There are 2 protein chains.
Amino acid sequence: MKKIDALIDAIERTGNPTALGLDTRAEYMPESFIEKFHRGDDAGAINAFNRSLIDALCDIIPCVKVQAACYEMLGFKGMEVFCDTLRYAREKGMITIADVKRNDIGSTAEAYAAAYMNGGSPFPADFVTVNAYLGYDGIKPFLDACEKSGGGIFVLVRTSNPSAGEFQDLAVRDGDGSFRPLYERVGLKVGEWGEGLMGLRGYSSVGAVVGATWPEEGKKLRALLPRTFFLVPGYGAQGAAAKDISGCFDGRGRGAVVNASRSLLCAHKKLGTNDFAAAARDEALIMRDDLREGISG
Amino acid sequence: MKKIDALIDAIERTGNPTALGLDTRAEYMPESFIEKFHRGDDAGAINAFNRSLIDALCDIIPCVKVQAACYEMLGFKGMEVFCDTLRYAREKGMITIADVKRNDIGSTAEAYAAAYMNGGSPFPADFVTVNAYLGYDGIKPFLDACEKSGGGIFVLVRTSNPSAGEFQDLAVRDGDGSFRPLYERVGLKVGEWGEGLMGLRGYSSVGAVVGATWPEEGKKLRALLPRTFFLVPGYGAQGAAAKDISGCFDGRGRGAVVNASRSLLCAHKKLGTNDFAAAARDEALIMRDDLREGISG
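Residues numbered from 1 in each chain as written. Chains lettered and ligands numbered in written order. Predicted model: local features only at pLDDT ≥ 70, side-chain atom pairs only at ≥ 80, totals over all residues. Heavy atoms only, no water.

1. A short note on the overall build of chain A
Okay, step 1: When helices and strands are counted, chain A shows 14 helices and 10 strands.
Okay, step 2: In terms of overall dimensions, chain A is globule-like: its C-alpha atoms have a radius of gyration of 18 Å, near the 19 Å expected for 297 residues.
Okay, step 3: Principal-axis analysis of the C-alpha atoms gives chain A an extent of 65 × 45 × 35 Å.
Okay, step 4: Taking all 297 residues of chain A together, the buried fraction comes to 64%.
Okay, step 5: In chain A, the share of contacts with a sequence separation of at least 24, taken over all contacts with a separation of at least 6, comes to 71%.
Okay, step 6: Carbon and sulfur atoms make up 50% of the accessible area of chain A, which totals about 10300 Å².
Okay, step 7: Computed over 35 positive and 39 negative side-chain charges, the inter-centroid distance for chain A is 2 Å. (Helix = DSSP H or I, 4+ residues; strand = E, 2+ residues; numbered from the N terminus. Rg over C-alpha atoms; globule rule 2.2 N^0.38 Å. Buried < 20%, exposed > 50% of the residue type's maximum accessible area, 1.4 Å probe, protein only. Contact = heavy atoms within 4.5 Å. Areas by Shrake-Rupley, 256 points an atom, 1.4 Å probe, with all protein chains shown as cover. Lys, Arg positive; Asp, Glu negative; His and termini not counted. Charge placed at Lys NZ, Arg CZ, Asp CG, Glu CD.)

Following this line, the structure appears as structure tokens:
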């Protein structure tokens with residue numbers, strides 16, 4: 001079964017298009033929890049924190065997105081945690097996204113695909129995020145890996161950050177003399193690249209990253225790319241609400257998974273408790289209900 | 001001293017604007033060398049191979065570029081080698097570039113900058129490569145790290161791969177209604193971002209990746225960005241010769257460092273010898289002389 005179909009199934013099973021964003025940092029954890037691991041072993045504490053969150057959420061959240069940067073900054077110990085988190089989430093039945101935003105020339109992109117997408121990959125994930133600035137031959141090795149492994153990719157199209165538009169909104173001349181913003185041009189290519197990799201549920205293995213913080217752009221991209229699944233970051237701490245992302249979904253309430261990181265990881269701070277797992281679960285249920293209402297509305 | 005000045009000094013000291021590209025893979029090494037490490041320990045073999053090459057070349061090549069993908073595909077053992085290679089090259093007096101092409105939203109880009117560019121970074125490098133598709137706020141944390149550490153970045157502007165132009169050449173509308181290709185627009189931003197980070201030798205800490213395989217684009221970018229240092233991949237195995245890259249240098253023969261990976265790493269295959277270090281040295285001297293002639297001509 002293609003992972004894109006497994007993702008859609010898992011979202012329907014849980015009734016929850018949420019991705020748990022494990023952008024875990026030492027400062028997100030309760031002091032008392034870090035103490036347990038002796039100060040200095042941030043990597044060990046983060047690993048235990050991630051595992052507890054996965055245990056607490058795997059029955060109600062279908063998917064994790066693990067942000068590589070937070071683990072790379074801790075060196076190879078951090079990379080071990082990155083790897084263990086991906087494996088543990090998969091073991092617990094969650095769909096896994098390695099958020100690595102990798103990109104390079106063809107021969108090097110092949111090495112990145114091998115790092116994340118093959119059977120024997122050291123950092124095995126169902127999906128990876130990639131950056132398309134190098135064009136098709138930097139993407140092709142990932143498409144080949146999708147074909148072989150059944151996995152998928154999410155290509156950066158319209159990112160969630162404030163300066164996303166600096167390049168992504170530039171007006172680009174089309175063949176017929178008309179204009180469209182660069183992100184649409186990238187989006188159309190993403191749609192094309194997915195044509196040979198269609199799943200059984202109407203979406204291809206080649207998805208797009210579309211920031212929750214840009215409702216209009218999300219709506220336009222949904223109309224333009226009816227068979228491209230969206231990974232939508234920016235909900236919660238980055239400021240987007242359910243109404244902002246409803247346009248990323250199709251008419252049947254499908255077609256996107258919404259990532260939340262800080263709002264779930266740091267829910268215990270808002271509630272003033274050390275029980276971060278229970279706090280995250282409460283917050284996850286609120287988010288799920290918010291999404292259900294926002295999307296159906 | 002800013003690392004950009006140290007790089008320019010090192011290039012002048014050796015009279016050689018070459019970067020040794022350590023995109024090392026098991027298949028690049030002589031069979032007999034791999035045997036020594038028992039099959040299966042690719043990471044150990046690659047580490048020893050890299051160290052031998054650094055020993056053999058550090059007096060004639062000023063700089064290494066270590067390609068992260070080849071190490072990531074070997075998992076956390078590979079990341080240890082990535083780290084050790086960067087450290088060893090620095091110990092031997094070479095300027096180090098971590099070729100990671102990282103990119104993300106601001107808070108995450110901060111984590112990447114911490115991974116590579118701070119005093120206590122686990123993968124300490126003098127320069128990192130980054131992708132600017134997310135715009136200024138994904139670059140800002142790297143600029144801050146340049147400011148603090150004295151290090152530098154190379155931003156992807158015009159890459160060396162065949163499909164580089166797919167997005168990078170798109171005609172983008174300027175404020176005055178005129179057009180320029182996207183890569184020039186990115187290049188101009190790179191120039192701007194470097195304004196506050198000028199070194200003493202005429203170049204800023206914010207450099208650009210400009211593929212050797214696109215001579216015309218290189219020449220245009222050199223004229224457009226007089227204070228931006230270029231990292232030029234694509235020489236040798238990717239097909240570019242010295243004449244193709246002469247336009248990336250300024251009138252005094254400065255302003256760029258040219259990366260060669262496979263042509264140096266696999267020189268022993270061309271010569272039919274197992275002494276890969278001696279073969280790489282021979283090839284490096286040929287490349288140096290070729291560059292000297294091509295640039296002055």
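Read on for the rest.
2. Section: the packing of aromatic side chains
Aromatic rings in a pair are described by how distant their centres are and how their planes are angled relative to each other.
Okay, step 1: Counting across every chain of the model gives 25 aromatic pairs over all chains.
Okay, step 2: Where Phe82 of chain A meets Phe123 of chain A, the ring centres are 5.7 Å apart and the plane angle is 50 degrees; that geometry is what we call tilted. Of the two residues, Phe82 of chain A is situated in helix H5 (residues 75-91) and Phe123 of chain A in the loop between helix H6 (106-116) and strand S4 (127-130); the sequence distance between them amounts to 41 residues. In terms of burial, Phe82 of chain A and Phe123 of chain A fall into one category: buried.
Okay, step 3: Chaining the aromatic ring pairs together yields one cluster made of Phe33, Phe37, Phe49 and Phe276 of chain A.
Okay, step 4: The lysine or arginine in question, Arg173 of chain B, covers the ring of Phe179 of chain A, its NZ or CZ lying 4.1 Å from the ring centre. (Phe/Tyr/Trp six-rings, centres within 6.5 Å; stacked < 30°, edge-to-face > 60°. Lys NZ or Arg CZ within 6 Å of the ring centre and 35° of its normal.)

3. With respect to the interface of chain A and chain B
Okay, step 1: Taken together, the contacts link 62 residues of chain A with 62 residues of chain B.
Okay, step 2: Here chain A packs against chain B, burying approximately 5100 Å² in sum over the two surfaces, 59% of which is carbon and sulfur.
Okay, step 3: Its largest share of buried area at the contact with chain B, chain A owes to Phe76, Tyr133 and Phe167 of chain A, together 17% of the area lost on that side.
Okay, step 4: At the junction of chain A with chain B, the criterion picks out 6 salt bridges.
Okay, step 5: With its nearest N and O atoms 2.9 Å apart, the salt bridge here joins Lys101 of chain A to Asp104 of chain B.
Okay, step 6: Across the chain A-chain B interface, the total number found is 37 residue pairs in polar contact (both at pLDDT 80 or more). (Buried area = accessible area lost by both parts, 1.4 Å probe. Salt bridge = Lys/Arg side-chain N within 4 Å of Asp/Glu carboxyl O. Polar contact = N/O pair within 3.5 Å; in protein donor to acceptor, adjacent residues only side chain to side chain.)

4. Some details on the side chain of Lys101 of chain B
Okay, step 1: Mapped onto the fold, Lys101 of chain B is located in strand S3 (residues 95-102).
Okay, step 2: Of the polar contacts made by the side chain of Lys101 of chain B, one reaches the side chain of Asp104 of chain A; its length is 2.9 Å.
Okay, step 3: In terms of polar contacts, Lys101 of chain B uses its side chain to reach the side chain of Asp99 of chain B, at 2.8 Å.

5. What to know about the pairing of strand S2 (residues 63-67) of chain A
Residue and element names in this part refer to chain A.
Okay, step 1: The buried fraction of S2 is high, at 5 of 5 residues.
Okay, step 2: Where burial is concerned, the two faces of S2 agree: the one with Cys63, Lys65 and Gln67 and the one with Val64 and Val66 are both buried.
Okay, step 3: By the bridge criterion, 5 bridges tie S2 to strand S3 (residues 95-102) in an arrangement that is parallel. Looking across to S3, one finds that Val66 is bridged to Ala98. (Pairing = 2+ DSSP bridges.)

6. What about the relation of the copies chain A and chain B?
Between the two copies of the chain lies a relationship made up of a rotation around an axis and a movement along it.
Okay, step 1: For the pair chain A and chain B, the best superposition has an RMSD of 0.0 Å and corresponds to a rotation of 180 degrees with a translation of 0.0 Å parallel to the axis. As the rotation angle and translation indicate, the two copies are arranged about a two-fold axis. For chain A, the smallest separation between a C-alpha atom and the rotation axis is recorded for Val172 of chain A, amounting to 2.3 Å.
Okay, step 2: When the interface residues of chain A are mapped onto chain B, 100% of them again lie at the interface, so the same face is used by both copies. (Least-squares fit on C-alpha atoms with pLDDT ≥ 70 in both.)

7. Section: the packing of helix H3 (residues 42-57) of chain B against helix H5 (residues 75-91) of chain B
Two packed helices can be described by the angle between their axes and the distance between those axes.
All names here are of chain B.
Okay, step 1: As a packed pair, H3 and H5 sit with axes 9 Å apart at the nearest point and diverge in direction by 10 degrees. It follows that H3 is roughly parallel to H5 by the angle criterion. On H5, the residues that touch Ala43, Ile46, Asn47, Asn50, Arg51, Ile54 and Asp55 of H3 are Lys77, Gly78, Val81, Asp84, Thr85, Tyr88 and Ala89.
Okay, step 2: Its residues placed into classes, the contact of H3 with H5 shows 6 nonpolar, 4 polar and 4 charged. (Axes fitted to C-alpha atoms, helices over the stretch in contact; angles between N-to-C directions. Parallel < 35°, antiparallel > 145°, perpendicular 65-115°, else oblique. Nonpolar A, V, L, I, M, F, W, Y, C, P; charged D, E, K, R; others polar.)

8. A word on the environment of Asp23 of chain B
Okay, step 1: Within the secondary structure, Asp23 of chain B sits in the loop between strand S1 (18-22) and helix H2 (31-36).
Okay, step 2: The spacing of Asp23 of chain B and Asp282 of chain B is 259 residues in sequence and 19 Å in space, taken between C-alpha atoms.
Okay, step 3: Excluding residues within four positions of it along the chain, Asp23 of chain B makes contact with Thr108 of chain A together with Tyr28, Lys65, Gln67, Cys70, Ser261 and Leu265 of chain B.
Okay, step 4: Engagement of the side chain of Asp23 of chain B in a polar contact is seen with the side chain of Ser261 of chain B, the distance being 3.0 Å.

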